[in-house]
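For reference, the chains in residue letters:
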Amino acid sequence: MATEYSEHIESKDKQPRTARGLRTKRKLLDAAALEFGEKGFHEASITGITQRAGTALGSFYTYFDSKDELFSALVRDMSARVKSHAAGAMTEWQNALEREKQALEAFMTFAREHKEIYRIIDEAEFVDPASYRMHYEETARRIYERLQEGSSAGDLRGGLEEAHAWAIMGMNVFLGLRYGIWSEEKSPGEIAELANSLLAEGIAIKR
């Protein structure tokens, strides 16, 4: 789905060649997440990011040419971390529905621990539209692949389309916003169970 955008959003930041360099770049990305999450893209500053990271200003330019480039790298990084976190949680599942439940619960947990992700991804729509679109297209693609695998395994009905994956993703995103960012009145497990029952049973009365 994201093929036509792949060249545009290809990483331009410089890759560290040492373990120390990797740690420094990780510090800058983590600090940028806090800086952008608290202040937004336009109010955030390179100086603020390096101060949070505890690195010299020159270290920033070793890995990034500009604040815009760092922001794009951060969107890709956070998208990859969500993917990794969900994949790590989906280790033992009996069927496709349980797999989706585990994926949502993992996302809810990640969102609560990294509340800045919503502001950063939302700002990406205007600061870096290509990365913004890539994030959602890649997420929907992974869900669609799981749905297809579930259909092949006999856990889910046939005929599921890409739009079904986008519908599930939309539900997950807004559940994360309501119960991960705005409040924590229900646990990630409770929310995942509720969403799972919606997928399994729907909301119509069965006659």
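The structure we're discussing is the one just above.
Heads up: these notes are all about the structure in this document. Remember, it's a predicted structure, so these values are computed and weren't measured experimentally.

1. Side note on the pattern of salt bridges
(1) Moving on: Applying the stated criterion across every chain, the model contains 14 salt bridges.
(2) Moving on: Across the salt bridge formed by Glu35 and Arg52, the nearest N and O atoms sit 2.5 Å from each other. Highlighted residues: Glu35 in helix α1 (residues 19-39) and Arg52 in helix α2 (residues 46-53), separated in sequence by 17 residues.
(3) Moving on: Across the pair Glu185 and Arg178 runs a salt bridge, and its minimum N-O distance is 3.3 Å.
(4) Moving on: Judged by its relative accessible area of 52%, Glu185 falls in the exposed class.
(5) Moving on: Note on Arg178: relative accessible area 30%, which makes it partly exposed.

2. Some details on empty space enclosed by the protein
(1) Moving on: Following the criterion strictly, the structure yields 1 cavity of 30 Å³ or more and no others.
(2) Moving on: Estimates place the volume of the largest cavity at around 50 Å³.
(3) Moving on: What lines the largest cavity is simply Glu100, Lys101, Leu104, Ile168, Met171, Asn172, Ala192, Ala195, Asn196 and Leu199.
(4) Moving on: Counting residues per element, the lining of the largest cavity draws most heavily on helix α9 (residues 188-201), at 4 residues.
(5) Moving on: Its residues placed into classes, the lining of the largest cavity shows 6 nonpolar, 2 polar and 2 charged.

3. Looking at the nonpolar core
(1) Moving on: Residues Phe36, Phe64, Leu70, Leu74 and Ile120 are the most contacted members of the largest nonpolar core, which totals 49 residues.
(2) Moving on: The greatest single-element share of this core, amounting to 8 residues, is contributed by helix α8 (residues 162-182).
(3) Moving on: For Leu70, the contacting residues outside a window of four places in its chain are Leu29, Ala32, Phe36, Ile49, Phe60 and Phe64.

4. A look at the layout of surface pockets
(1) Moving on: Reported here for the largest pocket is a volume of approximately 460 Å³.
(2) Moving on: Lining of the largest pocket is provided by 24 residues; of these, Val82, Ala86, Phe107, Thr139 and Arg142 occupy positions nearest its centre.
(3) Moving on: Breaking the lining of the largest pocket down by element, the ones donating at least two residues are α4 (67-89), α5 (96-113), α6 (116-127), α7 (129-153) and α8.
(4) Moving on: A total of 8 residues in the lining of the largest pocket trace back to one element, the largest contributor, which is α7.
(5) Moving on: Broken down by class, the residue content of the lining of the largest pocket amounts to 14 nonpolar, 3 polar and 7 charged.
(6) Moving on: Its boundaries defined by the atoms lining it, the second largest pocket holds a volume of some 310 Å³.
(7) Moving on: Taken together, 13 residues line the second largest pocket, and the ones lying closest to its centre are Leu147, Leu160, His164, Ile168 and Leu199.
(8) Moving on: At the level of elements, α5, α8 and α9 are the ones that each hand at least two residues to the lining of the second largest pocket.

5. Some words on the packing of aromatic side chains
(1) Moving on: Inspection of every chain in the model, using the stated rule, returns 7 aromatic pairs.
(2) Moving on: Note on Phe36 and Phe41: the rings are 5.8 Å apart at their centroids and 20° apart in plane angle, and the pair reads as stacked.
(3) Moving on: Residue classification places Phe36 among the buried residues on the basis of a relative accessible area of 0%.
(4) Moving on: A relative accessible area of 6% places Phe41 in the buried class.
(5) Moving on: Ring centres of Phe41 and Phe71 lie 5.3 Å apart, and the angle between their planes is 75°; this geometry places the pair in the edge-to-face category. Of this pair, Phe41 sits in the loop between α1 and α2 while Phe71 sits in helix α4, and the two are 30 residues apart along the sequence.
(6) Moving on: Feature note: the residues Phe36, Phe41 and Phe71 constitute an aromatic cluster, connected by ring pairs.
(7) Moving on: Stacked on the ring of Phe41, the Lys or Arg Lys67 has its end atom at 4.5 Å from the ring centre.
(8) Moving on: Lying over the aromatic face of Tyr179, Arg178 brings its terminal NZ or CZ to 4.4 Å of the ring centre.

What counts, and at which threshold
- Residues numbered from 1 in each chain as written.
- Predicted model: local features only at pLDDT ≥ 70, side-chain atom pairs only at ≥ 80, totals over all residues.
- Heavy atoms only, no water.
- Salt bridge = Lys/Arg side-chain N within 4 Å of Asp/Glu carboxyl O.
- Helix = DSSP H or I, 4+ residues; strand = E, 2+ residues; numbered from the N terminus.
- Buried < 20%, exposed > 50% of the residue type's maximum accessible area, 1.4 Å probe, protein only.
- 1 Å grid on protein atoms, 1.4 Å probe; cavity = no way out; pocket = protein on both sides within 12 Å on 5 of 7 lines; lining within 4 Å.
- Points joined across faces, edges and corners; volume = space filled by probe spheres on them.
- Nonpolar A, V, L, I, M, F, W, Y, C, P; charged D, E, K, R; others polar.
- Core = buried A, V, L, I, M, F, W, Y, C linked by side-chain atoms within 4.5 Å.
- Contact = heavy atoms within 4.5 Å.
- Phe/Tyr/Trp six-rings, centres within 6.5 Å; stacked < 30°, edge-to-face > 60°.
- Lys NZ or Arg CZ within 6 Å of the ring centre and 35° of its normal.

Such coordinate-based values are descriptive only and should not be taken to indicate function.
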